[in-house]
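# Chains, contacts and geometry: an overview
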Amino acid sequence: MSASDLRTEIVETQKNRTELVKWKLLLVAGLGTVSLGLGEKVIEGVGALPAHSGPPIHLLALIPLVCLYVDVLCYHQQARILVIGYFLLGRTDEPFWQAYEILARAAARQRAFSLEDWALSYSTRFFSILVVVVAIIQRRENLTIDIALPIDPVCFWIAVSGVLGLVLSFSLSYWFHKHLVPSIRESAQQTPLAPDPY
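The following refers to the structure shown. (Residues numbered from 1 in each chain as written. Predicted model: local features only at pLDDT ≥ 70, side-chain atom pairs only at ≥ 80, totals over all residues. Heavy atoms only, no water.)

Next up on the list: the overall build of the protein. A tally of regular secondary structure across the protein gives six helices and zero strands. Across the protein, helices and strands are ordered from the amino to the carboxyl terminus as α-α-α-α-α-α. Expressed as a percentage of the 198 residues in the protein, the buried residues total 33%. For the protein, the computed accessible surface area is about 12,700 Å², with 69% contributed by carbon and sulfur atoms. (Helix = DSSP H or I, 4+ residues; strand = E, 2+ residues; numbered from the N terminus. Buried < 20%, exposed > 50% of the residue type's maximum accessible area, 1.4 Å probe, protein only. Areas by Shrake-Rupley, 256 points an atom, 1.4 Å probe, with all protein chains shown as cover.)

Written as structure tokens, this is what we have:
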């Protein structure tokens, strides 16, 4: 595999990562729409729900889990990009690529490439908080209907899912940036420039 192939791999991996972020938004929008009943007439029309059964609010609990799953896949794609990038660092004789590597390192130190990571993690946190808020609002609405049940199990599990999404999002981001990235960087620094063929 040549340096050109590795650069192509970086581009393809970034395209995949961008597609995953798009799918995250589509999945959240779909789950939110269905669980809040915004598409209830369409679902009833195809026979998936009996008429007047109410929206499947419990699907809100899936939103933080779907977000976390996509985040894990995106962080995996980012790790692949970092491994290839650190491997290519300093392994080219072409002045063009050397100049680009110097510029890219300077931009990375200024956190210029962090915006997509921020969008990825903060969107999961936002959706997780939103799920908790919707669970609380839903419980307050149900409180007037069924005062005898102090804890609505559906709203409880929706809220737990939101809190879990929030905590795991912080944990995943911390682990990636404070443990995995430095580990990749350290491994790259210990890798010899001319690999031993034996």
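Here we come to the layout of surface pockets. In this model, the largest pocket occupies a volume close to 1,200 Å³. If you go around the largest pocket, you meet 32 residues; those closest to its centre are Q78, L82, A104, A108 and F113. Mapped onto the lining of the largest pocket, the elements with two or more residues apiece are α1 (3-35), α3 (62-88), α4 (95-109), α5 (115-145) and α6 (153-190). For the lining of the largest pocket, the element with the most residues is α4, which contributes seven residues. Here the lining of the largest pocket is composed, by residue class, of 17 nonpolar, five polar and 10 charged. (1 Å grid on protein atoms, 1.4 Å probe; cavity = no way out; pocket = protein on both sides within 12 Å on 5 of 7 lines; lining within 4 Å. Points joined across faces, edges and corners; volume = space filled by probe spheres on them. Nonpolar A, V, L, I, M, F, W, Y, C, P; charged D, E, K, R; others polar.)

Once that is clear, we can look at the environment of W23. Note that W23 resides in helix α1. For the pair W23 and V70, spaced 47 residues apart in the sequence, the C-alpha separation amounts to 8.2 Å.

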